[in-house]
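An overview of the molecular structure
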Amino acid sequence: MSFLQKKEMRYINFIEWFGIVLMVFSLPLFESPKNVGFLIALLGFLWKRFYTWNLSFKFHYFGLGLTIFFIASLIASFFAEDLKLSLKGSWDIFRYTMVFLIIANDVKDLKKVKILIWLILISITIGSVWGIMEVFPRPKNEPYPLLEIHSVGHANHSGIYLAEVLSLIMALLLFSTFKGYEKAVIASAGIISIIALILTTSYGSFIGLGAVIIAFLVILRNKLAISLVLIFLVGFISFLLIDDVLKTRLFDVIYRSGPGRLVLWKDSFIAFLENPVVGVGLNHFAMINREDIAAPHAHNLYFNVLVEMGGIGLLALIILIIGFFKTWRQNKPPTESGLEKGLWYASLGSVLVVLIGGIPNTTLHHEHAMLFTLITGIMVASSHREDQE
């Protein structure tokens, strides 16, 4: 490669990196900048490969699983009643698939890995404070509006996003070797995120995060970790007991939505039996003509895939999950601590939020799916850095 070509390649790399930074920072905050950042990063990713006529890049098993899931969504869209509406759902899957592939292939040094981690933490701190300020102040004894992270949307989706970030924060604090003042900043972001998560009253997110906490406890098996978890639980329960309005809202949500979800899942299974192969199409759940269904999605990852993408969608989802765990195992760090170890466990935490939190909520779409593939992409990137070679 000539000097001029190297100079132009640096320019292309800068464009791609600018898009990645804009996308990651804007992910929970601003819709348009997030989309613009993604398109710029995608342009840089493709431009770089066509410029050098080296079109190859590494899929990893997880990227292959994501790609198969995307192809399954296109097949379901082809048979959907409203092709354009269904393709919007396929575009959503394409976005978080490419987020993983771009980060895993083109983030190649420790400095960029750390910048992405800090961008995730800074943006969620801003988003959480922003959401908390919209919830408070309120007239005494009046119900809270449910907290929403600005660009993430509904409280359930915001809760999933916060649970994934908290998984990252816990993994960094428990397994990484950040400096003391850095851990203090990370812990502060965690405290703010916990308050925001509680204010979403998204019990599906609580379940997902609870699974992460249990997994980390099993892995660590030490008194410090148990003490930290107990402190978290005591603080969480105290927060609920102190505020009667919040406590009432949380248990009311559980009482009302629990039985409703069971009816929704029953009708979802019936709808799947009516379209067992390719489903009804993405974003078509609300069009199902069943008397009991009055929701835009199934409030369950697995039933939602069954209804909208049929049997091929569920098979593709299983392949995606297997692909994640194969990639996760292949990138196990050689040391017991360090940034790579923290990110390795953070990716495990994020997938547990998606899979376990996906039982009462529909996960794996929009911003929290992008965050999941982003964290996993950063984990892979940290294991394949050029500065390690």
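Residues numbered from 1 in each chain as written. Predicted model: local features only at pLDDT ≥ 70, side-chain atom pairs only at ≥ 80, totals over all residues. Heavy atoms only, no water.

**As for the packing of aromatic side chains**
Throughout the structure, instances matching the rule amount to 21 aromatic pairs. With a centroid separation of 5.2 Å and 90° between ring planes, the pair formed by F78 and F79 is classed as edge-to-face. Judged on exposure class, the residue F78 and its partner F79 are both exposed. Judged by centre distance (5.7 Å) and plane angle (45°), the ring pair of F324 and F372 falls under tilted. Of the two residues, F324 sits in helix α11 (residues 301-330) while F372 sits in helix α13 (residues 366-383), which places them 48 residues apart along the sequence. Taking the relative accessible area as the measure of exposure, F324 reaches 0% and is therefore buried. When its relative accessible area of 1% is taken as the criterion, F372 is described as buried. One aromatic cluster is present, built from ring pairs that chain together F62, F100, F175, F216, F324, F325, W328, W344, Y345 and F372. (Phe/Tyr/Trp six-rings, centres within 6.5 Å; stacked < 30°, edge-to-face > 60°. Buried < 20%, exposed > 50% of the residue type's maximum accessible area, 1.4 Å probe, protein only. Helix = DSSP H or I, 4+ residues; strand = E, 2+ residues; numbered from the N terminus.)

**Let's talk about the environment of D106**
Topologically, D106 is positioned in helix α4 (residues 83-106). Under the relative-accessibility criterion, D106 is labelled buried at 8%. Between the C-alpha atom of D106 and that of E16, which follows or precedes it by 90 residues, the distance is 8.8 Å. Not counting chain neighbours up to four residues away, the residues in contact with D106 comprise E16, F45, K48 and R49. In this structure the side chain of D106 is engaged in a polar contact, spanning 2.8 Å, whose partner is the side chain of R49. (Contact = heavy atoms within 4.5 Å. Polar contact = N/O pair within 3.5 Å; in protein donor to acceptor, adjacent residues only side chain to side chain.)

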